[in-house]
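Spelled out from the first residue to the last, the chains are:
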Amino acid sequence: MPAFIPITIYLNDRSMLIASIPDAETALQQPWPFMDKPSRLEAIRMIEECLAGHCTQQAAFDAFKAAASEQGLLKRTPPSIGLRKFDGVAEDLL
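These figures come from a predicted structure and were not determined experimentally. (Residues numbered from 1 in each chain as written. Predicted model: local features only at pLDDT ≥ 70, side-chain atom pairs only at ≥ 80, totals over all residues. Heavy atoms only, no water.)

Some remarks on the overall build of the protein
As a reminder, the rule being used: Only DSSP runs of H or I with at least four residues qualify as helices, and only runs of E with at least two residues qualify as strands; both kinds are numbered from the N terminus onward. A radius of gyration in this sense is built from C-alpha atoms; the matching globule rule multiplies 2.2 Å by the number of residues raised to 0.38. With a 1.4 Å probe rolled over the protein chains alone, any residue whose accessible area is under 20% of its type maximum counts as buried; one over 50% counts as exposed, and the rest are partly exposed. We call two residues in contact whenever any of their non-hydrogen atoms come within 4.5 Å of each other. What sets the accessible areas is the Shrake-Rupley method with a 1.4 Å probe; for residues, cover comes only from the shown protein chains.
What the protein contains, in helices and strands, is four helices and two strands. Ordered by position from N to C terminus, the α and β elements of the protein give β-β-α-α-α-α. In terms of C-alpha radius of gyration, the protein reaches 16 Å, well past the compact-globule figure of 12 Å for 94 residues. Referenced to the eigenvectors of the C-alpha coordinate spread, the extents of the protein come out at roughly 45 × 30 × 20 Å. Within the protein, buried positions represent 30% of all 94 residues. Across the protein, contacts joining residues at least 24 apart in sequence account for 47% of those joining residues at least 6 apart. For the protein, the accessible area works out to roughly 6,200 Å², and carbon and sulfur atoms hold 57% of it.

Here it is as structure tokens:
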């Protein structure tokens with residue numbers, strides 16, 4: 001399965017790196033703050049559909065990211081030094 005740009009979620013006071021559909025499946029099996037939230041249940045369904053070959057991996061991963069984001073499990077990391085420099089150059093060009 002192709003890897004995705006890894007995301008980090010925080011469940012039960014520990015971080016989990018999610019970079020594939022199996023990683024997302026494992027994370028969804030853990031206790032989440034709101035187990036019955038529709039977005040989490042949809043992510044579970046999409047992961048199952050993906051593993052059965054009925055859904056694209058990107059769609060399933062996006063559903064997982066949306067569910068994690070809705071429950072506040074994603075932590076945004078600051079941009080790297082290189083990206084900040086690139087942003088500065090881009091701003092100068094505008």
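Overview of unusual backbone geometry
Not every positive phi belongs to a glycine, and N12 is a case in point at roughly 55 degrees. Relative to the helices and strands, N12 is located in the loop between strand 1 (7-11) and strand 2 (14-18). With a relative accessible area of 48%, N12 lands in the partly exposed category. Even without glycine at this site, D13 takes up a positive phi of about 65 degrees.

What about the pairing of strand 1?
Residues in a regular strand point their side chains to alternate faces of the sheet. Quick note on the threshold: Pairing between two strands requires that DSSP report at least two bridges joining them.
Where burial is concerned, the two faces of strand 1 differ: the one with I7, I9 and L11 is buried and the one with T8 and Y10 is not. As paired elements, strand 1 and strand 2 share five bridges and run antiparallel to each other. Across the sheet, the residue bridging to I9 is M16, located in strand 2. Joining the antiparallel neighbours strand 1 and strand 2 is a turn of two residues, in which N12 adopts a positive phi near 55 degrees.

Thoughts on the side chain of S20
Rule in force here: A 3.5 Å cut-off defines polar contacts: any pair of N or O atoms within that distance qualifies, except that in protein one atom must be a possible hydrogen donor and the other a possible acceptor, and neighbouring residues in sequence count only when both atoms are side-chain atoms.
Considering the arrangement of structural elements, one finds S20 in the loop between strand 2 and helix 1 (21-28). A polar contact of 3.2 Å, which involves the side chain of S20, links it to the backbone nitrogen of D23. The residues touching S20, leaving out its near neighbours within four places in the chain, are F4 and F61.

Topic: the nonpolar core
Put simply, the rule reads: Note on terminology: a nonpolar core comprises buried Ala, Val, Leu, Ile, Met, Phe, Trp, Tyr and Cys residues joined through side-chain atoms within 4.5 Å.
The biggest cluster of nonpolar side chains holds 23 residues, and the ones touching the most others in it are I9, I18, I21, W32, A60 and F64. The set of elements that each furnish at least two residues to this core consists of strand 1, strand 2, helix 1, helix 2 (38-51) and helix 3 (57-70). Broken down by element, the residue count for this core peaks at six residues, all from helix 3. Setting aside anything within four residues of it in sequence, one finds F64 in contact with I7, I9, I18, A24, A27, L28, W32 and A43.

A closer look at the packing of aromatic side chains
Where we set the bar: Each Phe, Tyr or Trp ring, with Trp reduced to its six-membered ring, pairs with another whose centre is within 6.5 Å; inter-plane angles below 30 degrees give stacked pairs, above 60 give edge-to-face pairs, and intermediate values give tilted ones. Distance and angle both matter: a charge sits over a ring if NZ of Lys or CZ of Arg is within 6 Å of the ring centre and within 35 degrees of the ring normal.
For the structure shown, the criterion picks out one aromatic pair. The cationic tip of K37 hangs over the ring face of F34; the distance from NZ or CZ to the ring centre is 5.7 Å.

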